[in-house]
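What the coordinates show
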Amino acid sequence: RIESQFGVPGPVLVAIWAMETDFGAVTGNKPILPGLASLAYDSRRTDLFQRELLAALTIIDRGDMSAATLRGAGHGEIGQTQFLPSSYVPFAVDFDGDGKKDLIRSQADVLASTANYLRGYGWSKGGGWQEGSGNFAALAGWNKSSNYQRAIALFATKVSGGGGS
């Protein structure tokens with residue numbers, strides 16, 4: 001259903017899910033707000049983390065999560081594929097139909113949101129994921145490191161049995 005709706009094949013989603021949190025096993029359990037507030041006043045990346053802090057407050061304000069449940073990794077990453085709050089706001093989806101965008105406990109929401117994110121960065125259904133494809137470029141929206149993009153593509157190829165599309 002996720003691939004049909006968003007166009008992103010399962011092997012790519014599995015690769016990201018595995019690489020980010022070992023299939024949700026290591027998501028972080030730190031309160032997001034204090035860390036983002038501290039980082040928002042760190043002179044090295046003030047603009048980035050002020051934007052993330054405001055996005056985290058938006059998540060709370062819209063009722064998606066409470067301040068108490070907004071927990072994750074050290075730089076504000078949320079859930080099983082480590083969305084920053086500024087990515088959660090536009091791309092998180094309720095795919096399991098329970099009325100919540102739960103990137104911490106709902107695997108359906110996690111994988112669909114990840115697919116929606118990639119689609120938002122230009123993923124094209126049926127376009128493959130190998131280096132040189134348009135979808136490989138969409139992986140840069142996930143992580144700007146070309147090594148990370150190649151690792152996702154290789155992992156997805158291995159998961160798929162080798163075809164790359």
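Scroll up to find the structure.
**Considering the overall build of the protein**
Scanning the protein from terminus to terminus reveals eight helices and two strands. Listing the helices and strands of the protein from first to last along the sequence gives α-α-β-α-α-β-α-α-α-α. A globule of 165 residues ought to have a C-alpha radius of gyration of about 15 Å, and the protein, at 16 Å, matches this closely. For the protein, the C-alpha atoms occupy an extent of roughly 45 × 40 × 25 Å along the three principal directions.

**What to know about the packing of aromatic side chains**
Under the defined criterion, the tally for this structure stands at eight aromatic pairs. Here the aromatic rings of Phe-83 and Trp-142 are separated by 5.7 Å at their centres, their planes lie at 75°, and the arrangement is edge-to-face. Pair noted here: Phe-83 is in the loop between strand 2 (71-72) and helix 5 (85-91) and Trp-142 is in helix 7 (residues 134-142), with a separation of 59 residues, a long-range link. As far as burial versus exposure is concerned, Phe-83 and Trp-142 are alike and both buried. Members of the aromatic cluster, connected to one another through ring pairs, are Phe-83, Phe-91, Tyr-117, Tyr-121 and Trp-142.

**Describing the layout of surface pockets**
Of the pockets and cavities examined, the largest pocket occupies roughly 420 Å³. In terms of lining, the largest pocket is formed by 17 residues, of which the most central are Gln-82, Leu-84, Tyr-117, Trp-142 and Asn-143. Counting only elements with at least two residues in the lining of the largest pocket, the list comes to helix 4 (46-61) and helix 7. For the lining of the largest pocket, the residue count by class is seven nonpolar, six polar and four charged.

**Focus on helix 2 (residues 10-21)**
Between its terminal C-alpha atoms helix 2 stretches 16 Å, which fits the 16 Å expected from 12 residues at 1.5 Å a residue. Taken together, the buried positions of helix 2 are Pro-11, Val-12, Leu-13, Ala-15, Ile-16, Trp-17, Ala-18 and Thr-21. Taken together, the buried residues of helix 2 touch helix 1 (2-6), helix 6 (107-120), helix 7 and helix 8 (146-160). Once helix 2 ends, the next one or two residues include Asp-22, with phi positive near 55°.

**A few points about the environment of Phe-91**
Looking at the element boundaries, Phe-91 is found in helix 5. The spacing of Phe-91 and Leu-118 is 27 residues in sequence and 9.0 Å in space, taken between C-alpha atoms. Setting aside residues no more than four positions away along its own chain, Phe-91 makes contact with Phe-83, Ser-113, Asn-116, Tyr-117, Gly-120 and Tyr-121.

**Let's talk about the nonpolar core**
Of all hydrophobic cores here, the largest spans 43 residues; its most connected members are Ile-2, Val-12, Leu-70, Leu-118, Trp-123, Trp-142 and Ile-152. For this core, the secondary structure elements donating two or more residues are helix 1, helix 2, helix 3 (32-40), helix 4, helix 5, helix 6, helix 7 and helix 8. Among all residues touching Leu-70, those that are not within four sequence positions of it are Lys-30, Pro-31, Ile-32, Leu-33, Ala-56, Ile-59, Ile-60, Met-65 and Ile-78.

**Focus on helix 8**
Helix length check: helix 8 (15 residues) gives 21 Å between terminal C-alpha atoms against 21 Å at 1.5 Å per residue, within 8%. Along helix 8, the residues classified as buried are Tyr-148, Gln-149, Ile-152, Ala-153, Ala-156 and Thr-157. At its buried positions, helix 8 is contacted by helix 2 and helix 7. Of the residues trailing helix 8, Gly-161 is marked for its positive phi of about 90°.

**Section: unusual backbone geometry**
The phi dihedral of Phe-23 is positive, around 60°, even though this residue is not glycine. Tracing the backbone shows Phe-23 in the loop between helix 2 and strand 1 (30-31). Even without a glycine there, the phi angle at Gln-82 is positive, about 60°. By secondary structure assignment, the location of Gln-82 is in the loop between strand 2 and helix 5.

Procedures and definitions
Residues numbered from 1 in each chain as written. Predicted model: local features only at pLDDT ≥ 70, side-chain atom pairs only at ≥ 80, totals over all residues. Heavy atoms only, no water. Helix = DSSP H or I, 4+ residues; strand = E, 2+ residues; numbered from the N terminus. Rg over C-alpha atoms; globule rule 2.2 N^0.38 Å. Phe/Tyr/Trp six-rings, centres within 6.5 Å; stacked < 30°, edge-to-face > 60°. Buried < 20%, exposed > 50% of the residue type's maximum accessible area, 1.4 Å probe, protein only. 1 Å grid on protein atoms, 1.4 Å probe; cavity = no way out; pocket = protein on both sides within 12 Å on 5 of 7 lines; lining within 4 Å. Points joined across faces, edges and corners; volume = space filled by probe spheres on them. Nonpolar A, V, L, I, M, F, W, Y, C, P; charged D, E, K, R; others polar. Expected span 1.5 Å × (residues − 1). Contact = heavy atoms within 4.5 Å. Core = buried A, V, L, I, M, F, W, Y, C linked by side-chain atoms within 4.5 Å.

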